[in-house]
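Secondary and tertiary structure notes
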Amino acid sequence: MKIAIYPGSFDPVTNGHLDIIRRAEKLCDKLIVAVAVNSSKEPLFNTEERIEMLKKCCSNMEWIEIKSFKGLLVNFCKENGISIIIRGLRATADYEYEYAISLMNKKLASDIETIFLMADTEYSFVSSRIVKEAASYHGDISNLVPDFIIPRLHEKFQTVK
Ligand code: ADP
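Residues numbered from 1 in each chain as written. Predicted model: local features only at pLDDT ≥ 70, side-chain atom pairs only at ≥ 80, totals over all residues. Heavy atoms only, no water.

Across its full length, the protein carries six helices and five strands. Its helices and strands in sequence order give the protein the pattern β-α-β-α-β-α-β-α-β-α-α, from N to C terminus. A compact globule built from 161 residues would reach a C-alpha radius of gyration of about 15 Å, and the protein, at 16 Å, matches this within 12%. For the protein, the spread of C-alpha atoms along the three principal axes comes to 45 × 35 × 30 Å. For the protein, the proportion of its 161 residues judged to be buried stands at 46%. Taking the contacts inside the protein whose residues are at least 6 apart along the sequence as the reference set, 76% of them involve residues at least 24 apart. Total accessible area on the protein stands at roughly 9,200 Å², and carbon and sulfur atoms take up 53% of it. Of the side-chain charges in the protein, 21 are positive and 22 negative, and the distance between the mean point of each set is 4 Å. (Helix = DSSP H or I, 4+ residues; strand = E, 2+ residues; numbered from the N terminus. Rg over C-alpha atoms; globule rule 2.2 N^0.38 Å. Buried < 20%, exposed > 50% of the residue type's maximum accessible area, 1.4 Å probe, protein only. Contact = heavy atoms within 4.5 Å. Areas by Shrake-Rupley, 256 points an atom, 1.4 Å probe, with all protein chains shown as cover. Lys, Arg positive; Asp, Glu negative; His and termini not counted. Charge placed at Lys NZ, Arg CZ, Asp CG, Glu CD.)

Here you go:
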């Protein structure tokens, strides 16, 4: 069984992430969408909230499992029999960082392959950060995130402000 992982912050999950998740189905038998628990990054949504939102989006996709992980991604891959890392590539800005990470992962675990999927033109500018910024100023974020996430974002910014 070919198990792949799609790691990220998903703070919150966007329609760009969901496009990559759907397209990754063709590349593996099972996809683990893994929420990175990164102590150096202060997320807007805590780990449980990010997992819950992803589960809600992927409830009808039975080839997907949602998990969280801490520490080195390749160690998590080895522990879970994962042989493919899926990453999404937006503009050239993503490229340098993603290339370096993929080389480092290859050095740490040569049998794990990173596969990059190019962002759909419709979502190539969409990032969790840009969505949060727009939401914090009451900007229109419809079609960028699933509908149920819009009030969640507005709620957060009401309590944060
Ligand atoms: P973000 O930059 O949105 O905070 P994450 O850390 O959650 O992203 O990203 C996880 C992975 O998803 C990364 O490989 C990132 O490049 C990719 N990704 C994020 N947004 C998009 C998008 N709109 N289209 C394609 N890939 C994306």
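Next up on the list: the side chain of Asp19. Structurally, the position occupied by Asp19 is in helix α1 (residues 15–24). Beyond its immediate stretch of four places on either side in the chain, Asp19 contacts Asp120 and Tyr123.

Our focus in this paragraph is helix α2 (residues 47–57). Note on helix geometry: an α-helix contains 3.6 residues per turn, so any two residues three or four positions apart are oriented the same way. Taken as a whole, α2 has its buried residues at Thr47, Arg50, Ile51, Met53, Leu54 and Cys57. Along the axis of α2, the buried positions cluster into a sector of 165 degrees, meaning they face one direction only. The N-capping residue of α2, defined by a side-chain oxygen 3.1 Å from the backbone nitrogen of Glu48, is Asn46. (Arc of directions from axis to C-beta. Polar contact = N/O pair within 3.5 Å; in protein donor to acceptor, adjacent residues only side chain to side chain.)

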